[in-house]
Amino acid sequence: MSNNLEFQCPTCRKKLNNMIECNVCSKNYINNLGFIDFIDSSGKQKNEKRFSQLLTRIQEENYSKAVQEFIKKYPNLNYKFNKREGYIAFHAIHKNNKKCLILNSDLGNIPESLSNIVDEIYSVVDSHEKLLIQKFRMQEKNIKNVVLVKSDFKSLPFSNNFFDFIILNGMENSSEKQFSDLEMNNLLKEIQRVLKANGCFCAALSNKIRIGKMFNQTEGNSLEKYTNNFFGYRSILHKTGFKIKTYWTLPSYKTPHFSGYIEDGDSLKWLFQNSHIFSGTNEKNLLTKIFKKMNSSSSKILMKLFCPSFLFYCYNDKKIEDLESMIEQKMGFKKIIQLVRPQKIIYILLDKFGKPKKKVFFNFTKYNLDEKILIKNEYEYKKSLNSILIEDWSEGRPLDPSNKQDILLLLDWLKKFQKDKVSGVWNINEIKEEINEIKNYFYNKKEMSEFPIKKWCDEYLNYIQNIELAKTRVHGNLHPNHVIINTNNSSVKVIDWDDFTESGNPIFDYMRLIVAIMLWSPNPLEEFKSNLDGVGKSNEITNIIKLKMNQYLKKEINLEIMLKYFILNWIVNKAKKEFEIDVFYVKLLRMFL
């Protein structure tokens, strides 16, 4: 921990010395647990049993193992360990983000996410257990610029004008109790006090009257709590004196896959009219049909009333220059929708009529706002960590997994894509090396002990070793949502090249496509099992792909052997990036037992 930390006594309002001690009241706030404690712990604090148990398991084993077990037991809490929650900050990325305060930092998603962007992060929460979980999380990931602070929000223990950027991660404390009017007003005054004049404050807040809650009574006495909706939030922030720019975010600020400026009705209209593309729902779905009829004005009204979450970006003076405004100025587009993907952020740029024209690609990293915008080649994304890449918008519609003609067009594209660049042939040692990597990863993984992984890998080896398998380019995630069909000229455009490999196993793209199609349903697990049993909706399409694979490999494909090996391979590759085993794909494996 740095010796140059700056705090002030929440009681005396005087700067603490280097020992985190007040020279006026003699209180010392440092402890030997790895965080700084500004809460009087003499009273009993309500702790959530689940997180106490998680902390115990972390101390007994390690952070990653304990979290994997926890997610397996509580899959609905998986989002609490996904650092993409921190991408809510991307709308305010600017070159002066040196000190950041995160209030209600929960289990550390946002601090971890911002650790490679901000020089110094103060992670504040009022829960002993959550801070210790964060401590072990940061230690395992070797993150050293996050300061852990236990504090309530009555009096923030920081000097005036101290932070460049402040994030309020919801309006509930660790007991999930909503802030009262008085508490919220006091907190906003404190935030204004510690925020620099040219700083930014982001309030990530839930809408209590969102769709699904419309007909339920609000929790508690509505007279005692602030009106928890767009208009109520905006009112209290304006009264504090902030200049505000508000964004909608979907499906929530905890999982911010999509977001955009809430007053931009044209972008919202386009989003609603194409909601079936992003949600994966059928275009004939009733809700999709309703959305398609929305105009700009009704889209804004609907989003303000029922959007699940809002991001209020607040400024003491005027909005500072940030990455988003730089893109607006350089590209000449004022209408932007932000998409968050596993390894990047995409801006969809729309013209003044609300028609998409460009896509801009970013890494979630630090920018100086003087970066050049480079033309993106089809197979390239990872040029450098802070590259900004741009490409034209692809006209067309997503591939329909039930349309034989669409599938045949894609398979023709895949054949040409793989044949265009062959870099040799897989030899037996290279195949064994790939298989051993999978075996080694699962070795001693308790959560995978029920599966005969060695047997399945050996079956694949015996099947594949007599096939002459070329080393080809591999897209890496050939999913129907990543394929655009232009019906005007029957052309195929494949997008999302994050997992592209110049020289890889060509079977991978075929198998990724088959698995995605076998799962294509509102009930994907049930659909996969039906297709596995030969009675599912995608059997005909799967057989078309199998036939093409037979022709490619010059051998009858054993789909079960291929499926088991592919799913194991997929789990390993995903775990390398996300540091956890994908529970959903583990459920698919159980269907083979």
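Quick look at the overall build of the protein chain
Here is step 1 of the chain: A count of helices and strands for the protein chain gives 19 helices and 20 strands.
Here is step 2 of the chain: Every one of the 593 residues in the protein chain was classed for burial, and the buried ones make up 53%.
Here is step 3 of the chain: When the accessible surface of the protein chain is summed, it comes to about 27,500 Å², and 49% of that surface belongs to carbon and sulfur atoms.

Quick notes on the packing of aromatic side chains
Here is step 1 of the chain: A full pass over the atoms with the stated rule returns 43 aromatic pairs.
Here is step 2 of the chain: Aromatic side chains Tyr233 and Phe312 sit 5.9 Å apart centroid to centroid with 70° between the ring planes, which places their arrangement in the edge-to-face category. With a gap of 79 residues between them, Tyr233 in helix α6 (residues 230-240) and Phe312 in strand β9 (residues 309-315) connect regions that are remote in the sequence. Phe312 matches Tyr233 in its accessibility class, with the two residues each being buried.
Here is step 3 of the chain: Taken together, the ring pairs in this structure connect Phe7, Tyr29, Phe38, Tyr122, Phe158, Phe162 and Phe163 into an aromatic cluster.
Here is step 4 of the chain: Positioned over the ring face of Tyr74 is Arg50, at 5.4 Å from the centre of the ring.

As for the pattern of salt bridges
Here is step 1 of the chain: This model, assessed by the stated rule, comprises 34 salt bridges.
Here is step 2 of the chain: As a salt-bridge pair, Asp498 and Lys344 come within 2.8 Å of each other at their nearest N and O atoms. Residue Asp498 is found in the loop between β19 (491-494) and β20 (501-504), and its partner Lys344 is found in the loop between β10 (335-340) and β11 (345-350); the two are separated by 154 residues along the sequence. Comparing Asp498 with Lys344, the two get one shared label, buried.

Quick word on the confidence of the model for the protein chain
Here is step 1 of the chain: Of all residues in the protein chain, 89% have pLDDT values of 70 or greater, and the mean over the chain is 86.
Here is step 2 of the chain: Every residue in residues 211-226 scores below 50 in pLDDT, and together they form 15 contacts with partners more than four places removed in sequence or on other chains.

With respect to unusual backbone geometry
Here is step 1 of the chain: Residue Pro251 is bonded to the preceding Leu250 through a cis peptide linkage, with omega at 0°.
Here is step 2 of the chain: Tracing the backbone through its elements, the reader meets Pro251 in strand β7 (residues 243-251).
Here is step 3 of the chain: A positive phi angle, close to 65°, is found at Arg13, a residue other than glycine.
Here is step 4 of the chain: Its place among the elements puts Arg13 in the segment before β1 (36-37).
Here is step 5 of the chain: Residue classification places Arg13 among the partly exposed residues on the basis of a relative accessible area of 37%.
Here is step 6 of the chain: The phi dihedral of Asn161 falls on the positive side, at around 50°, and the residue is not glycine.
Here is step 7 of the chain: Among the structural elements, Asn161 can be located in the loop between β4 (146-150) and β5 (163-169).
Here is step 8 of the chain: Given a relative accessible area of 48%, Asn161 falls into the partly exposed group.

Description of the pairing of β7
Here is step 1 of the chain: Bridge count for β7 against β9 is seven bridges, and the pairing is antiparallel. Counterpart to Trp248 in the pairing with β9 is Phe310.
Here is step 2 of the chain: The hairpin formed by β7 and strand β8 (residues 256-261) contains four residues between the paired strands.

Re helix α17 (residues 539-553)
Here is step 1 of the chain: Taking 1.5 Å per residue, 15 residues should reach 21 Å; α17 reaches 20 Å between its end C-alpha atoms and fits that length.
Here is step 2 of the chain: Restricting attention to buried positions, one finds in α17 the residues Ile541, Thr542, Ile544, Ile545, Lys546, Met549, Asn550 and Leu553.
Here is step 3 of the chain: Looking one or two residues beyond α17, the residue adopting positive phi is Lys554, at roughly 60°.

Considerations on the sheet that holds strand β17 (residues 470-474)
Here is step 1 of the chain: Read across the open sheet, the three strands follow the order β16-β17-β20; overall the sheet is antiparallel. Both edges of this open sheet fall to β16 (422-425) and β20, since each of them pairs with a single strand only. Strand-to-strand, the axes of this sheet are offset by a mean angle of 30°, without reference to chain direction.
Here is step 2 of the chain: Direction of pairing for β16 relative to β17: antiparallel, over a ladder of two bridges. Bridge assignment links Val425 to a residue of β17, and that residue is Ala470.

Concerning the packing of helix α15 (residues 507-518) against α17
Pairs of packed helices are described in terms of their axes, by the angle between the two and the distance that separates them.
Here is step 1 of the chain: Viewed as axis vectors pointing N to C, α15 and α17 meet at an angle of 170°, and their least axial separation amounts to 10 Å. Considered as vectors, α15 and α17 are oriented roughly antiparallel to each other. Residue-level inspection shows Ile507, Tyr510, Met511, Leu513, Ile514, Ile517 and Met518 of α15 in contact with α17, the latter providing Ile541, Thr542, Ile545, Met549, Tyr552 and Leu553.
Here is step 2 of the chain: Split by residue class, the contact of α15 with α17 holds 12 nonpolar, one polar and no charged.

Structural notes on the environment of Val515
Here is step 1 of the chain: Looking at the element boundaries, Val515 is found in helix α15.
Here is step 2 of the chain: Given the relative accessible area of 0%, Val515 is considered buried.
Here is step 3 of the chain: With 13 residues separating them along the chain, Val515 and Phe528 place their C-alpha atoms 8.0 Å apart.
Here is step 4 of the chain: Beyond its immediate sequence surroundings of up to four residues, Val515 is in contact with Phe528, Leu563, Phe566, Tyr585 and Leu588.

Let's talk about the pairing of strand β18 (residues 483-486)
Here is step 1 of the chain: By the alternation rule, side chains of β18 split into Val483 and Ile485 and Ile484 and Asn486, which are all buried.
Here is step 2 of the chain: With two bridges joining them, strand β15 (residues 397-398) and β18 adopt antiparallel strand pairing. Directly across from Pro398, in β18, lies its bridge partner Ile484.
Here is step 3 of the chain: By the bridge criterion, four bridges tie β18 to β19 in an arrangement that is antiparallel. Along β19, the bridge assignment pairs Asn486 with Ser491.
Here is step 4 of the chain: As consecutive antiparallel partners, β18 and β19 are separated by four residues, and within that stretch Ser490 has a phi angle of approximately 55°, a positive value.

Quick word on the side chain of Ser151
Here is step 1 of the chain: Assignment of secondary structure puts Ser151 in the loop between β4 and β5.
Here is step 2 of the chain: Of the residues examined, Ser151 reaches a relative accessible area of 2% and is grouped as buried.
Here is step 3 of the chain: Non-local contacts of Ser151, meaning those with residues more than four positions away in its chain, are made with Phe38, Ile39, Val124, Val125, Asp126 and Pro157.

Conventions we followed
- Residues numbered from 1 in each chain as written.
- Predicted model: local features only at pLDDT ≥ 70, side-chain atom pairs only at ≥ 80, totals over all residues.
- Heavy atoms only, no water.
- Helix = DSSP H or I, 4+ residues; strand = E, 2+ residues; numbered from the N terminus.
- Buried < 20%, exposed > 50% of the residue type's maximum accessible area, 1.4 Å probe, protein only.
- Areas by Shrake-Rupley, 256 points an atom, 1.4 Å probe, with all protein chains shown as cover.
- Phe/Tyr/Trp six-rings, centres within 6.5 Å; stacked < 30°, edge-to-face > 60°.
- Lys NZ or Arg CZ within 6 Å of the ring centre and 35° of its normal.
- Salt bridge = Lys/Arg side-chain N within 4 Å of Asp/Glu carboxyl O.
- pLDDT = per-residue confidence, 0-100.
- Contact = heavy atoms within 4.5 Å.
- Pairing = 2+ DSSP bridges.
- Expected span 1.5 Å × (residues − 1).
- Axes fitted to C-alpha atoms, helices over the stretch in contact; angles between N-to-C directions.
- Parallel < 35°, antiparallel > 145°, perpendicular 65-115°, else oblique.
- Nonpolar A, V, L, I, M, F, W, Y, C, P; charged D, E, K, R; others polar.

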